[in-house]
Amino acid sequence: MKIKDILAGGRPSVSFEVFPPKKDAPFAPVKDAVERLARQRPSFMSVTYGAAGGAKANTTDIASFVQQCGVPALAHLTCLTATRDSLADEITALRAAGIENILCLRGDAPKNAAEPPPGFFAHAVDLVRALRPSQFCLGGACYPECHPECAHMEDDIRHLREKVDAGLDFVTTQMFFDNNIFYRYLAKLRDNGVTVPVIAGIMPVTNGRQISRICALSGTYLPSRFKAIVDRFGGHPEAMMDAGVAYATEQIIDLFANGVNAVHIYTMNKPEVAERIMANIRGILAQ
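None of these values were measured; they are calculated from a predicted model.

Calculation rules
- Residues numbered from 1 in each chain as written.
- Predicted model: local features only at pLDDT ≥ 70, side-chain atom pairs only at ≥ 80, totals over all residues.
- Heavy atoms only, no water.
- Pairing = 2+ DSSP bridges.
- Helix = DSSP H or I, 4+ residues; strand = E, 2+ residues; numbered from the N terminus.
- Axes fitted to C-alpha atoms, helices over the stretch in contact; angles between N-to-C directions.
- Contact = heavy atoms within 4.5 Å.
- Phe/Tyr/Trp six-rings, centres within 6.5 Å; stacked < 30°, edge-to-face > 60°.
- Buried < 20%, exposed > 50% of the residue type's maximum accessible area, 1.4 Å probe, protein only.
- Lys NZ or Arg CZ within 6 Å of the ring centre and 35° of its normal.
- 1 Å grid on protein atoms, 1.4 Å probe; cavity = no way out; pocket = protein on both sides within 12 Å on 5 of 7 lines; lining within 4 Å.
- Points joined across faces, edges and corners; volume = space filled by probe spheres on them.
- Nonpolar A, V, L, I, M, F, W, Y, C, P; charged D, E, K, R; others polar.

For the sheet that holds strand β7 (residues 198–202), give the residues involved together with the corresponding values.
On the basis of which strands lie adjacent, the closed barrel formed by eight strands has the order β1-β2-β3-β4-β5-β6-β7-β8 and parallel pairing. Shown here is a sheet whose adjacent strand axes are inclined to one another by a mean of 30°, direction ignored. Taken together, the four bridges between strand β5 (residues 137–142) and strand β6 (residues 170–173) define a ladder with parallel strand orientation. Across the sheet, the residue bridging to C142 is T173, located in β6. Across the sheet, helix α4 (residues 84–96) touches β3 (73–78) and β4 (101–105), and the angle it forms with β3 is around 175°.

The structure is reproduced here in structure tokens:
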């Protein structure tokens, strides 16, 4: 099923993200996580592509397994190190696996790499344009606190608008921990003519070490209330699990209460976290 059709239904929607095993790592633990997550009946599950294209061959396999579990899959696809021929091969594999949804991303350059050679795709919008005739449902990423490589929010939104105009059907946000940041961002998108569905990305933080890496990668703003939680409970795994699940649950409930019908949970392949959050909101999703 295409995600644009799921979102068009207007009902509260929760989706999960998983990542495939690294190269030469066993599949069994990831498949076990996918099976448990699928039992929570998410609207769809997305499967990441791997840093710098690493483990990319596993993305199709895990996305196919997601669909075998009865859940629509969204396969991430990056373009920075791809050629038209390599993308054609991957599109053929995704189509053969019955995948109907692709998240179009630029991706990261391999470490110590020079500029992409001529003929390679430099930006996600190039990938969107190349895939638009393919009849896949296309999603993209967006950044409520501005892309870390973009100096001005206005420019970042303009780039997003270019991707939408090129053919995106929906966008999913980077994680945020202050819903007011998302609400202001959503208003700016609508003011600038970005009218496709915007899925709110939520990261449940269940151990204190996560937060340092999150901030280093994305520069995400941490509200004082969230900092206090990490400072108080970050060194105590069970307490941090309880607090992280509670904080993410509160964010999701607030989003639904304010008319945001689509939430994407970055599960980090931890089905126990998703299970606890879904137990907290099951009645809300049933409305």
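What follows picks up the thread again.
Can you tell me about unusual backbone geometry, naming the residues and giving the values?
You will see that Q135, though not glycine, has its phi angle at about 75°, which is positive. Turning to its location among the elements, Q135 is positioned in the loop between α5 (124–131) and β5.

Summarise the packing of aromatic side chains; cite the residues concerned and give the values.
Per the counting criterion, the structure on display carries four aromatic pairs. Seen in terms of ring centroids, F176 and F182 are 5.1 Å apart; in terms of plane orientation they differ by 10°. Their pairing is stacked. Side by side, F176 and F182 carry an identical accessibility label, which is buried. Through pairs of rings, three or more aromatic residues link up here, namely F176, F182 and Y183. Above the face of the F65 ring, K31 is positioned so that its terminal group lies 5.0 Å from the ring centre.

Any chance you could break down the side chain of N58 for me, citing the residues and the numbers?
Mapping N58 onto the fold places it in helix α3 (residues 56–68). When its relative accessible area of 12% is taken as the criterion, N58 is described as buried. The residues touching N58, leaving out its near neighbours within four places in the chain, are P20, P21, K22 and F27.

Any chance you could break down the layout of surface pockets for me, citing the residues and the numbers?
Taken as a whole, the second largest pocket spans an internal volume of roughly 280 Å³. As for the second largest pocket, its lining consists of 14 residues, and the residues nearest its centre are R11, P12, R41, S43 and L285. Per-element tally for the lining of the second largest pocket: the top contributor is helix α11 (residues 271–285), with three residues. In terms of residue class, the lining of the second largest pocket is made up of six nonpolar, five polar and three charged.

Provide a residue-level description of the environment of C104, including the pertinent values.
Tracing the chain through its elements places C104 in strand β4. Its relative accessible area of 1% is what places C104 among the buried residues. Through-space distance from the C-alpha of C104 to that of G140 is 5.2 Å; in sequence the pair is 36 residues apart. Apart from residues lying up to four places away in sequence, C104 is in contact with L77, A124, L127, V128, L131, L138, G139 and G140.

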